[in-house]
Amino acid sequence: MSEAAKTQSQNDVAIQIIGMHKWYGEFHVLKDINLTVDRGERIVVCGPSGSGKSTMIRCINRLEEHQQGQIIVDGIELTNDVKKIDEIRREVGMVFQHFNLFPHLTVLENCTLAPIWVRKTPKAEAEATAMKFLERVKIPEQALKYPGQLSGGQQQRVAIARSLCMNPRIMLFDEPTSALDPEMISEVLDTMISLAEEGMTMICVTHEMGFAKTVADRVIFMDAGEIIEQAPPTEFFENPQSERTQLFLSQIL
Ligand code: ADP
Ligand code: MG
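Each value, and the rule that gives it
- Residues numbered from 1 in each chain as written.
- Chains lettered and ligands numbered in written order.
- Predicted model: local features only at pLDDT ≥ 70, side-chain atom pairs only at ≥ 80, totals over all residues.
- Heavy atoms only, no water.
- Helix = DSSP H or I, 4+ residues; strand = E, 2+ residues; numbered from the N terminus.
- Rg over C-alpha atoms; globule rule 2.2 N^0.38 Å.
- Buried < 20%, exposed > 50% of the residue type's maximum accessible area, 1.4 Å probe, protein only.
- Contact = heavy atoms within 4.5 Å.
- Areas by Shrake-Rupley, 256 points an atom, 1.4 Å probe, with all protein chains shown as cover.
- UniProt positions renumbered as here; feature names shortened; annotations may be inferred.
- Axes fitted to C-alpha atoms, helices over the stretch in contact; angles between N-to-C directions.
- Parallel < 35°, antiparallel > 145°, perpendicular 65-115°, else oblique.
- Left-handed = near helix turned anticlockwise from the far one by under 90°.
- Nonpolar A, V, L, I, M, F, W, Y, C, P; charged D, E, K, R; others polar.
- Salt bridge = Lys/Arg side-chain N within 4 Å of Asp/Glu carboxyl O.
- Pairing = 2+ DSSP bridges.
- Core = buried A, V, L, I, M, F, W, Y, C linked by side-chain atoms within 4.5 Å.

1. Comments concerning the overall build of the chain
And then number 1: A tally of helices and strands in the chain yields ten helices and ten strands.
And then number 2: The globule rule puts the C-alpha radius of gyration for 253 residues at 18 Å, and the 18 Å found for the chain is close to it.
And then number 3: Dimensions along the principal axes, computed over C-alpha positions, put the chain at roughly 50 × 45 × 40 Å.
And then number 4: The buried share of the chain, reckoned over its 253 residues, is 51%.
And then number 5: Restricting the contact set of the chain to residue pairs at least 6 apart, pairs at least 24 apart contribute 65%.
And then number 6: Carbon and sulfur atoms provide 49% of the accessible area of the chain, an area that totals close to 12200 Å².

See the structure below:
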């Protein structure tokens, strides 16, 4: 491959995980994870509870440390180098099951806190950006309220807006709708769908299989710390190869 072609192909890759293992003490939680995510690709990760889905995506922005193998995000390899960890965290936004908003700060303050204090963005600019993203998640009118005054679905949309304020190139979602009442799930999924349509690189841990069918380029099934199977959604749902995938799908569909 020519140098130019090599650079080109590296630029097309957002995340590369090679032979990655992780242990919690003696417990081998992730076993030989290999995964390449292209820029703009949308991945859905599913699998039984305890299979290592959260741990895998938390390793990508170093909320958890892996012990073996490589994780390369945007061309930067994750090592103990704090500077590199910071660089990667700049690229990667994360949204959790529990929204983790600060209850004593307004919606707007939740969204501007990191831009002002971590990025040193001037306050007026941070607020303008925050309002832009609150409009995008369709709750600009809630900007001056406190999280406790919002519904779960609204709080989760704030959490998404807050992440977007840091201008990430990659978004990780860890079961963002699983703590929500059923009637609020679709407003959060709609927000995620619109992000996907704008070309955001996304890894979403979710059991919302309708979302997977609409949005995912690829569905990954994990069980017992391993990636068992991966395929485009049509293939994944219509013709799952492994018995474990078949069993899982029969339980959730
Ligand atoms: P999932 O997200 O697929 O439900 P997790 O990644 O949360 O799975 O957990 C995978 C396994 O690792 C589970 O058996 C869980 O109990 C264990 N585990 C998760 N976090 C820790 C931790 N901090 N220390 C020890 N074990 C953990
Ligand atoms: Mg989990």
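2. Observations regarding the UniProt feature "domain: ABC transporter" (unreviewed entry) in the chain
And then number 1: According to UniProt, the feature "domain: ABC transporter" (unreviewed entry) maps to residues 15–249 in the numbering used here.
And then number 2: Between the first and last C-alpha atoms of residues 15–249 the distance is 27 Å; the span itself is 39% helix and 26% strand.

3. Some details on the packing of helix α4 (residues 107–117) against helix α6 (residues 152–164)
And then number 1: Where α4 meets α6, the axes come as close as 8 Å, and the angle between the chain directions of the two elements is 30 degrees. With respect to α6, the element α4 is oriented roughly parallel. The chirality of how α4 crosses α6 is right-handed. In this structure, α4 uses Val-107, Asn-110 and Cys-111 to contact α6, whose residues at the interface are Val-158, Ala-161 and Arg-162.
And then number 2: Within the contact of α4 with α6, the residues separate by chemical class into four nonpolar, one polar and one charged.

4. What to know about the pattern of salt bridges
And then number 1: Here the structure, examined in full by the defined rule, presents ten salt bridges.
And then number 2: Residues Glu-64 and Arg-58 are paired through a salt bridge, measuring 3.8 Å at the closest nitrogen-oxygen approach.
And then number 3: Classification of Glu-64 by relative accessible area gives buried; the value is 18%.
And then number 4: When its relative accessible area of 26% is taken as the criterion, Arg-58 is described as partly exposed.
And then number 5: In this structure, Glu-127 engages Lys-123 in a salt bridge whose closest nitrogen and oxygen atoms are separated by 3.8 Å. Of this pair, Glu-127 and Lys-123 both sit in helix α5 (residues 123–136), four residues apart, which is roughly one turn of the helix.
And then number 6: Residues participating in the shared-partner salt-bridge network are Lys-22, Arg-58 and Glu-64.

5. Quick notes on the sheet that holds strand β10 (residues 226–231)
Across a sheet, strands are paired by hydrogen bonds formed along the backbone, either parallel or antiparallel in direction.
And then number 1: With respect to topology, six strands assemble into an open sheet ordered β6-β7-β8-β3-β9-β10, the strand pairing being mixed. The two strands at the open ends of the sheet, each matched to only one other strand, are β6 (92–95) and β10. Across this sheet, the average inter-strand angle for adjacent strands is 20 degrees, counted without regard to direction.
And then number 2: Where strand β3 (residues 42–46) meets strand β8 (residues 201–205), four bridges bridge the pair, whose relative direction is parallel. Among the inter-strand pairings, Val-45 is bridged to a residue of β8, identified as Val-205.
And then number 3: Relative to the sheet, helix α3 (residues 82–91) contacts β6 and β7 (170–174), its axis offset from that of β6 by approximately 65 degrees.

6. Side note on the nonpolar core
And then number 1: Leu-134, Ile-160, Phe-173, Met-192, Met-202 and Phe-211 are the most contacted members of the largest nonpolar core, which has 47 residues in total.
And then number 2: The element best represented in this core is helix α7 (residues 182–197), accounting for eight residues.
And then number 3: Discounting chain neighbours no more than four positions away, the residues touching Phe-173 are Ile-57, Val-95, Ile-160, Met-192, Leu-195, Met-202, Ile-203, Cys-204 and Val-205.
And then number 4: Among the nonpolar cores identified, the runner-up in size contains 30 residues, and Val-29, Ile-43, Val-73 and Ile-170 belong to it.

7. A look at the pairing of strand β2 (residues 27–38)
And then number 1: Sheet topology note: the strand β1 (residues 13–24)/β2 ladder contains eight bridges and is antiparallel. If you follow Tyr-24 over to β2, its bridge partner there is Phe-27.
And then number 2: In this structure, the hairpin formed by β1 and β2 is closed by a connection of two residues, where Gly-25 is found at a positive phi of approximately 60 degrees.

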